[in-house]
Amino acid sequence: MKRGKRLPVHVAIIMDGNGRWAQKRGLPRIAGHRAGMEAVRRVVEACPDLGIKYLTLFAFSTENWRRPPAEVTALMGFIGEYLEREMPSLMKNRVRFSTIGFIDEMPGYAREKIAWAKEKTASNDGLFLNVAVNYGGRREIVEAAKRIAKKVKSGVLDPDDIDETAFAAELETAGLPDPDLLIRTSGEMRVSNFLLWQIAYSEVYISPVFWPDFRKEHLEAAIQEYLRRDRRFGAVDLEPGETEGEESESQTVPRYT
Ligand code: IPE
Ligand code: IPE
Ligand code: MG
């Protein structure tokens, strides 16, 4: 790994291409999702070595309910299956599991496993693994706006005190630093309603690899590319690797209370 530049603290990944991976092999789409769970395990295990402290994975979007019911059901089941199977490894690696998204609307069996995994890993101090399930960026922003409106209505918040910090504190990601690096696999060049607010200054990296084939070397390639980027945050004349990483982190100091 190239030295002298700041590694990304928070990496967010749009895990895409499971269906096409399966199709290429003449398998059902669901087989692609199952293989995708292996890629999740590999990437989670690779993060500590690469200095990544926060990993956000897009597992299911608010739009993915439009898929055939059998695929939706399989995906919901895989979330719990992954958590149960990987728990020994998550504990061993001190991974703290968390989610963003509208968990209350998920089937009970998925909700229960999620709550169990959160509780079990709550005091772990290793990688912060944040999984986006039933997550949509626009809805997240609307819900935040609603909560702010309620605070104003009840008199606990003055409209003049609404600023970016106050708004970000109402998002699902409250307390997390913004992603430094956003990766999307399978070559698709779109954001698909992921972390719309939070990726304002994230570096974007598109990998041609289908998610089930994604491994540590691909993550390393993304980080190498990130280290070659010059993050200016709208300013000019920053020396490569100077203070931009520190600034982005200090703006969003993690709070987990
Ligand atoms: C990503 O793979 C997983 C989810 C969206 C749940 P896809 O299922 O979108 O795979 P493609 O894009 O159809 O190949
Ligand atoms: C985005 O992938 C959602 C997840 C990876 C969970 P999609 O496959 O659903 O996105 P589109 O439909 O190609 O934009
Ligand atoms: Mg897709």
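Here the structure is shown first, and the text comes after it.
Counting restarts for each chain, with residues numbered from 1 along the sequence as it is written. For naming, the first written chain is A and the first written ligand is 1, with later ones following in the order written. The model is predicted, so local features are restricted to residues of pLDDT at least 70 and side-chain atom pairs to those at 80 or more, both for listing and for counting; the totals for chains, interfaces and linings are taken over all residues. Heavy atoms throughout the structure, all of them, feed into the side-chain values; hydrogens and water do not.

**Quick notes on the sheet that holds strand E5 (residues 181-184)**
The following threshold applies: Two strands form a pair only when DSSP identifies at least two bridges running between them. Starting at the N terminus, helices and strands are each numbered in turn, a helix being any DSSP run of H or I of at least four residues and a strand any DSSP run of E of at least two. Angular values range over 0 to 180 degrees, each being the angle between N-to-C directions of two axes fitted as lines to C-alpha atoms, with helices fitted over their stretch in contact. Contacts are residue-level and defined by heavy atoms, with any inter-residue pair within 4.5 Å sufficient.
What the 6 strands build is an open sheet, ordered E3-E4-E2-E1-E5-E6; its pairing is parallel. Only two strands of the sheet have a single partner each, and these edge strands are strand E3 (96-100) and strand E6 (203-206). Each adjacent strand pair in this sheet contributes to an overall mean axis angle of 20°, direction not counted. Two strands pair when backbone bridges link them, and strand E2 (residues 54-61) and strand E4 (residues 128-135) are joined in this way by 7 bridges, in the parallel orientation. Residue pairing in the sheet places leucine 57 in a bridge with valine 131 of E4. Each of strand E1 (10-14), E5 and E6 touches helix H7 (residues 216-228); the most contacted strand, E5, lies at about 135° to it.

**Quick word on the nonpolar core**
As a reminder of what qualifies: Put simply, a nonpolar core is a bunch of buried Ala, Val, Leu, Ile, Met, Phe, Trp, Tyr and Cys residues held in one set by side-chain atoms that sit within 4.5 Å of each other. Only protein chains enter the accessibility calculation, which uses a 1.4 Å probe. A residue is then buried if its area is under 20% of the maximum for its type, exposed if over 50%, and partly exposed in between.
By size, the foremost hydrophobic cluster in this structure holds 46 residues, and its most contacted members are Ile13, Val44, Leu55, Leu129, Ile183 and Leu219. Elements that contribute at least two residues to this core include exactly E1, helix H2 (29-46), E2, helix H3 (69-92), helix H4 (108-121), E4, E5 and H7. Once residues within four sequence positions are removed from consideration, leucine 55 is found in contact with His10, Val11, Ile13, Val43, Val44, Cys47, Leu127, Phe128, Leu129 and Asn130.

**With respect to the environment of leucine 27**
Examined against the element boundaries, leucine 27 turns out to sit in the loop between helix H1 (18-24) and H2. If we skip the residues at most four places from it in the chain, leucine 27 touches Trp21 and Ala22.

**Points about the packing of H3 against H4**
Threshold: Angle categories: roughly parallel below 35 degrees, roughly antiparallel above 145, roughly perpendicular from 65 to 115, and oblique for all the rest. The sense of a crossing depends on the near helix, which, turned anticlockwise from the far helix by less than a right angle, makes the crossing left-handed and, turned clockwise, makes it right-handed. In the scheme used here, Gly and all other residues not listed as nonpolar or charged are polar, with Ala, Val, Leu, Ile, Met, Phe, Trp, Tyr, Cys and Pro taken as nonpolar and Asp, Glu, Lys and Arg as charged.
In contact at an axis separation of 9 Å, H3 and H4 are set at 20° when each is read in the N-to-C sense. With respect to H4, the element H3 is oriented roughly parallel. As H3 runs across H4, the sense of the crossing is left-handed. In contact with Thr73, Met76, Gly77, Ile79, Gly80, Leu83, Glu84, Met87 and Met91 of H3, H4 contributes Tyr109, Ala110, Lys113, Ile114, Trp116, Ala117, Lys120 and Thr121. Among the residues forming the contact of H3 with H4, the class breakdown is 10 nonpolar, 4 polar and 3 charged.

**Some remarks on the site of ligand 2**
Going by this rule: A cutoff of 4 Å decides nearness: a residue is near a molecule or strand if any of its heavy atoms lies inside that distance of it. Under this definition, polar contacts are N or O atom pairs within 3.5 Å; protein pairs additionally need one hydrogen-donor-capable and one acceptor-capable atom, and for neighbouring residues in sequence, both atoms have to be side-chain atoms. Shrake-Rupley sampling with a 1.4 Å probe provides the accessible areas, and residues are treated as covered by the protein chains on show and by no other component.
Taken together, Ile14, Met15, Asp16, Phe58, Ala59, Phe60, Asn64, Arg67, Arg184, Arg190 and Ser192 are the residues near ligand 2. Between ligand 2 and the protein, one listed contact pairs an oxygen atom with a side-chain N or O atom of arginine 184 at 3.3 Å. Arginine 190 places a polar side-chain atom, nitrogen or oxygen, 2.8 Å from an oxygen atom of ligand 2. For ligand 2, whose unbound accessible area comes to 390 Å², protein coverage reaches 78%. Ranked by residue count, the leading element in the shell around ligand 2 is E2, at 3 residues. When the residues that make up the shell around ligand 2 are grouped by side-chain class, the tally is 5 nonpolar, 2 polar and 4 charged.

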